[in-house]
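Read off the chains here:
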Amino acid sequence: MNKELSIYSLEPHITSLNRVKRLYRGGKLLDYWQKIFPAADNYKSEEFLISTIRYIGNDGAIKENGISTIDVSYNESINLKDLISSDEESFLGKRYASQTYGNCGVLARAGDSAMRLILQVHPDDIAAKSYLNIPFGKTEAWYILNTRIIDNIDPYIYLGFKPGVTRTLWQSLFKEQNVEGMLNCLHKIPVKAGDTILVEAGMPHAMGSGCLFLEIHEPCDYTFRLERQYNGHQLSDNSMHYGFGFSMMLDLLHYDTYTKEDILKKCIMTKVVIDQMNDNKLVQVISYKNTDKFSIMVLDLSGVYELPKFDGHYILVASCGDTKLVYKNGCKVVPQGRGVFVPANVGKLRAEGNGELIIAYPFLS
């Protein structure tokens, strides 16, 4: 335990900006959201808002710059994983200490797609442990912050296998690199601002064009890519499967099939109002009944609201408007488009302002 750092467990921490490069173009809406001008589309199309995992680059190489940093004094910063590791019980809470392998139990990033993202799949927890020797897979959720029309195409996502798709059919299409055939195996679903989509690990998917999305996910950055050629790039084997082989990569997919009605019921979340006080409204968009990997609430803030108590750490994202956070020994203003790590020791936390705040809690412990 580092008592010198433990004092920082008594306050919420706004993470520093941390853009990363991806294979897809985008970022213009991300710039607008974070008030970075001039706003433009390029390949720095994602922001690691709150992260304790190393970023895996387009070449499959693991890089240090995925880990969030926070300013702990006027001229000193520290990465979030080192801060947590200094005293896990104070920062994560008793329920989560020694269970997260030094990670924050739930992470957040944001991206903006000017084009369809590559077809992909993430490992589940069993595959992550047995194949990759890492503690977490990657179930994720997308909260659509904003949209735009690209090339006269409305915003959309690809998600989950249609009825009739078999492993044999999929592997044949993959081997031939019949991308159109693979896309036709998945449901194409229109999306709009305010939608929340749950993407379980093992489910093939691709974010479509025109989406500014906030992604809440498990502590993992392994993305197995199912297309050899994408956006003018010829991907190497390692960029697709990290050296683990195509057979293992195809084993990662869950070959369950869904009707359109079933996939919408399973993955497009229904909002449930759980508290309404004055002009504030707290909405549950993903509960532990939907997944045990995390839960997500959206606070429609108008004035003052005391955030729900939670036995452990959690994260916040100022999704619309600047938000003032008031805690026992001070206050901080969170600019729109920024993430916050809230240590377990913070206790009561009050939000003030007008806008929207995303609240995400770690896996069910």
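Details of the structure are given in the entry above.
Residues numbered from 1 in each chain as written. Predicted model: local features only at pLDDT ≥ 70, side-chain atom pairs only at ≥ 80, totals over all residues. Heavy atoms only, no water.

## Comments concerning unusual backbone geometry
Alright, step 1. Residue proline 38 is bonded to the preceding phenylalanine 37 through a cis peptide linkage, with omega at 0°.
Alright, step 2. Its place among the elements puts proline 38 in the loop between helix H2 (28-34) and strand S3 (46-50).
Alright, step 3. At tyrosine 101, a residue that is not glycine, the phi angle is positive and equals roughly 55°.
Alright, step 4. Tracing the chain through its elements places tyrosine 101 in the loop between helix H4 (88-92) and strand S8 (107-113).
Alright, step 5. Judged by its relative accessible area of 57%, tyrosine 101 falls in the exposed class. (Helix = DSSP H or I, 4+ residues; strand = E, 2+ residues; numbered from the N terminus. Buried < 20%, exposed > 50% of the residue type's maximum accessible area, 1.4 Å probe, protein only.)

## Some points on the pairing of strand S20 (residues 280-286)
Alright, step 1. Burial within S20 is extensive, with six of its seven residues counted as buried.
Alright, step 2. Note: strand S19 (residues 272-277) against S20, five bridges, orientation antiparallel. The partner of valine 273 across the bridge, within S20, is valine 283.
Alright, step 3. Remark: two residues form the turn of the hairpin made by S19 and S20, two consecutive strands paired antiparallel; asparagine 278 in that turn has positive phi of roughly 55°. (Pairing = 2+ DSSP bridges.)

## Some points on the environment of tyrosine 242
Alright, step 1. By the element assignment, tyrosine 242 lies in the loop between helix H8 (237-241) and helix H9 (246-252).
Alright, step 2. Between the C-alpha atom of tyrosine 242 and that of tyrosine 222, which follows or precedes it by 20 residues, the distance is 8.8 Å.
Alright, step 3. In this structure the side chain of tyrosine 242 is engaged in a polar contact, spanning 2.7 Å, whose partner is the backbone oxygen of threonine 223. (Polar contact = N/O pair within 3.5 Å; in protein donor to acceptor, adjacent residues only side chain to side chain.)

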